[in-house]
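Next come the chains, spelled out residue by residue.
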Amino acid sequence: MKLTFIGADHEVTGSCHLIEVNGKRILLDCGMEQGRDIYVNQPLPVNAADIDYVFLSHAHIDHSGYLPLIVKNGFKGKIYSTKATAQLCSIMLLDSAHIQEFEAEWRNRKAKRAGKPKFEPLYETKDAEAAIALFEGCNYNEIIKVCDGVEIRFTDIGHLIGSASIEVWLKEGEVSKKIVFSGDIGNINQPIIEDPHSTDSADYVIMESTYGDRLHGEKVDYIKELTDIIQRTFDRGGNVIIPCFAVGRTQNMLYFLRKIQGEGFVKGHNISVYVDSPLAVEASNIFSRNIEGYFDDEAMELVKQGINPIMFDGVKLSVSADDSKAINFDNSPKVILSASGMCEAGRIRHHLKHNLWRKECTVVFVGYQGEGTLGRKLLDKEPVVKLFGEEVEVNAEIVRLEGVSGHADKNGLINWVKAFASKPSKVFVVHGEDAVCDSFSAELRNDHGFDVFAPYSGARFDLATGDVLFEGVKEYIVREETEEKKVSKAKANASYRTLLEAGDRIAKVIRESEKGANKDMIKLARLINDLCDKWENY
């Protein structure tokens, strides 16, 4: 009865954990790494063909994105999830496969010109289709016997429609243990979906820590905040660009925008909202089909009144590439919702290229931005970013809508783990940036009395005895600079040396003026100060 940690260990993405019991091998999530990776993930210690089951917490690609890969490598078992998660994965895994194929095609065009070997996609559409066929959709709160010695139950965790924490009961010989895997714990007071539900008991808990070092703050009036952003941006003739995940965040934004438009909160302008993501369009249809058992009371009340909570007059759905391109030829102020949420891929990058340089526009971030992503760079106020090989100056207003997150903050995480009737024997902290995993673990240990372990990839734990068998591998990813980056850095260093030489010349002129007339020194000081003023306002 063993537990091995594979992914999202001291990192945020790539969730994957292996349980071995009664000769069966089970994955909790099978996610793709996204954004910048800090540590090397250890390989699965078993062949994909030898995995019997996958228990999937929710549909986001950093939890589900490697399912087609293990199918490609021989997995033929069952994938257990909620029914809504299975439906979302039926579109998201196909979308991921299309991205893999497109990237391979693009890289191969470049490789052919350079005489380099052919690049193979991580997986293809046929692998995603084969993975989708293996899903077994389950209801919330239903205990399911998977095989001898293994039972599971999905509990609504309030992160995304269909998202769940997973209770896993294990029995091997005379030993019985219960693991609770949190998945991604949702934020409270999100539109459309329920708040996270608690679980009463566990021997071991595996829990995320994405926002384990911060608080969302007081509840924000998102309707007012968005209204103010749209009003001032439209008044100056700009566009509001909202990078958001196609599944979850897009539907939340549509929920808010429906109310803003319906109540006429933005004065003097018609609100056009473009949803520029085929995946978001399909996901919104799935949201509309999954109502009973998934929507919260407020959303259900709208449904009873015949109101679709996420669709309204003024929403324009952009599916084809031509539809997407046409948006940037529409000169009227508009709101553009487009994926990906961290600006790492997809159509959002085209909209940023067309709007970042315009000071009248606004880019609104409404979710977590991983380390190393373009979204994080924009939030960190980098003055110039690169898009499609070109440098783009960042003149647009950059706004972060605080508190609009699908993840619980530190207090939400602590409240969830403290809701167990008695303390679990051990809490494993995963799915957080390196420093966050450590700080959140220390807080649970020192302030709340939990026995905590923050594993690195490859860590192994004996569930029967409670012993840590191996603490994992803290192996950093070493990145080599490309020749292009080296040349760029060399040019930057040469430019800086030129600037320093100019500064030395100014300093020499100042020193040589020491014995000159007072009026000349004052004149020189004014010239230098004028130069500085002009540069600071440049």
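One structure accompanies this document, and this report is about it. (Residues numbered from 1 in each chain as written. Predicted model: local features only at pLDDT ≥ 70, side-chain atom pairs only at ≥ 80, totals over all residues. Heavy atoms only, no water.)

1. What about the environment of K304?
Put simply, the rule is: Helix and strand definitions here come from DSSP, where helices need a minimum of 4 consecutive H or I residues and strands a minimum of 2 consecutive E residues; each element is numbered from the N-terminal end. Relative accessible area decides the class of each residue, using a 1.4 Å probe on protein chains only: under 20% of the type maximum gives buried, over 50% gives exposed, and in between gives partly exposed.
In this structure, K304 sits in helix α8 (residues 297–304). Taking relative accessible area as the criterion, K304 reaches 66% and is therefore assigned exposed. Taking the C-alpha atoms as reference points, K304 and S422, separated by 118 residues in sequence, lie 40 Å from one another.

2. A few points about the sheet that holds strand β23 (residues 467–470)
Selection rule: At least two DSSP bridges between two strands are needed for those strands to be called paired. Convention adopted: a line fitted to C-alpha atoms gives each axis, helices being fitted over their contacting stretch, and angles between N-to-C directions are expressed from 0 to 180 degrees. Throughout, a contact is declared for two residues whenever any of their heavy atoms are within 4.5 Å.
Spatially, β6-β5-β4-β3-β2-β1-β22-β23 is the arrangement adopted by the 8 strands of the open sheet, whose pairing is mixed. Each of the sheet's edge strands pairs with one partner strand only, and the pair in question is β6 (135–138) and β23. Recorded for the sheet is a direction-independent mean angle of 25° between the axes of neighbouring strands. Contacts between helix α3 (residues 83–114) and the sheet are confined to β5 (78–82) and β6, with β5 contributing the most and set at about 115° to the helix.

3. Structural notes on the packing of aromatic side chains
Cut-off, in case you're wondering: To pair, rings of Phe, Tyr and Trp, with the six-membered ring standing in for Trp, must have centres within 6.5 Å; the planes then decide the type, stacked if under 30 degrees apart, edge-to-face if over 60, and tilted in the middle.
One pass over the structure, following the stated rule, counts 13 aromatic pairs. Ring plane angle 55° and centroid distance 5.5 Å describe the contact between Y140 and Y294, whose orientation is recorded as tilted. Placement of the pair is Y140 in the loop between β6 and β7 (144–147) and Y294 in the loop between α7 (278–289) and α8, with a sequence separation of 154 residues. Comparing Y140 with Y294 shows no difference in burial state: the two are buried.

4. Quick notes on the nonpolar core
The line we're drawing: Here, nonpolar core refers to any group of buried Ala, Val, Leu, Ile, Met, Phe, Trp, Tyr and Cys residues whose side-chain atoms link them within 4.5 Å.
Formed by 112 residues in total, the largest nonpolar core has its most connected members in F55, L67, V168, I242, V335 and L337. Ranked by residues supplied to this core, first place goes to α3 with 8 residues.

5. Notes on the environment of I398
Examined against the element boundaries, I398 turns out to sit in strand β19 (residues 397–400). Given the relative accessible area of 13%, I398 is considered buried. With residues up to four places along the chain from it excluded, the contact list for I398 reads L356, V363, F365, L378, L379 and K381.

6. Examining the sheet that holds strand β14 (residues 315–318)
With parallel pairing, 6 strands are arranged side by side in an open sheet as β14-β13-β15-β12-β16-β19. On the outer flanks of this sheet lie β14 and β19, each paired with one strand and no other. Neighbour to neighbour, the strand axes of the sheet diverge by 20° on average, direction disregarded. With 4 bridges connecting them, strand β13 (residues 273–276) and strand β15 (residues 335–338) associate as parallel partners. If you follow V275 over to β15, its bridge partner there is L337. In the packing of helix α5 (residues 222–235) onto the sheet, contacts are made with β12 (240–243), β15, β16 (362–365) and β19, and the angle to β12 comes to roughly 135°. Where helix α6 (residues 249–263) meets the sheet, it contacts β12, β13, β14 and β15, and its direction lies at approximately 160° from that of β15.

7. Overview of the side chain of H351
Definition in use: As used in this structure description, the phrase polar contact means that two N or O atoms lie within 3.5 Å; if the pair is within protein, one of them must be able to donate a hydrogen and the other to accept it, and residues adjacent in sequence are counted only when both atoms belong to side chains.
Examined against the element boundaries, H351 turns out to sit in helix α10 (residues 348–355). Within the local environment of H351, its side chain forms a polar contact with the side chain of D276, the two groups lying 2.5 Å apart. Here N328 takes part through its side chain, which lies 3.2 Å from a polar atom of the side chain of H351. Excluding anything up to four places from it in sequence, H351 contacts I241, D276, S324, I327, N328, I336 and S338.

8. Some points on unusual backbone geometry
Cis geometry marks the peptide bond from A339 to S340; its omega dihedral reads 10°. Structurally, the position occupied by S340 is in the loop between β15 and α10. For N141, which is not a glycine, the phi torsion comes out positive at approximately 70°. Structurally, the position occupied by N141 is in the loop between β6 and β7. The phi dihedral of N189 is positive, around 60°, even though this residue is not glycine. By secondary structure assignment, the location of N189 is in the loop between β10 (175–181) and β11 (204–208).

9. A short note on the environment of A104
Secondary-structure assignment places A104 in helix α3. When its relative accessible area of 4% is taken as the criterion, A104 is described as buried. It is 37 Å that separates the C-alpha atoms of A104 and I192, two residues lying 88 residues apart in sequence. Beyond its immediate chain neighbours, meaning those up to four positions away, A104 contacts F119 and P121.

10. Looking at the packing of α3 against helix α4 (residues 125–132)
For the record, the criterion: Under this scheme an angle from 65 to 115 degrees is roughly perpendicular, one under 35 degrees roughly parallel, and one over 145 degrees roughly antiparallel; angles in between are oblique. Crossing chirality is assigned from the near helix's rotation relative to the far helix, an anticlockwise turn below a right angle marking it left-handed and a clockwise turn marking it right-handed. Polar here means any residue outside two lists: the nonpolar Ala, Val, Leu, Ile, Met, Phe, Trp, Tyr, Cys and Pro, and the charged Asp, Glu, Lys and Arg; Gly therefore counts as polar.
The N-to-C vectors of α3 and α4 enclose an angle of 165°; their axes lie 8 Å apart at closest approach. Relative to α4, the element α3 lies roughly antiparallel. For the element pair α3 and α4, the recorded crossing hand is right-handed. Note on element contacts: α4 touches α3 through T125, A128, E129, A131 and I132, opposite C89, S90, L93, L94, A97, H98 and E101. Of the residues belonging to the contact of α3 with α4, the class tally is 7 nonpolar, 3 polar and 2 charged.

11. As for the pairing of β7
Of the pairings in the sheet, the one linking β7 to strand β8 (residues 150–156) comprises 3 bridges and is antiparallel in character. The residue of β8 that forms the bridge with C147 is V150. The turn joining β7 and β8, which pair antiparallel and follow one another in sequence, is formed by 2 residues; a positive phi near 85° is taken by G149.

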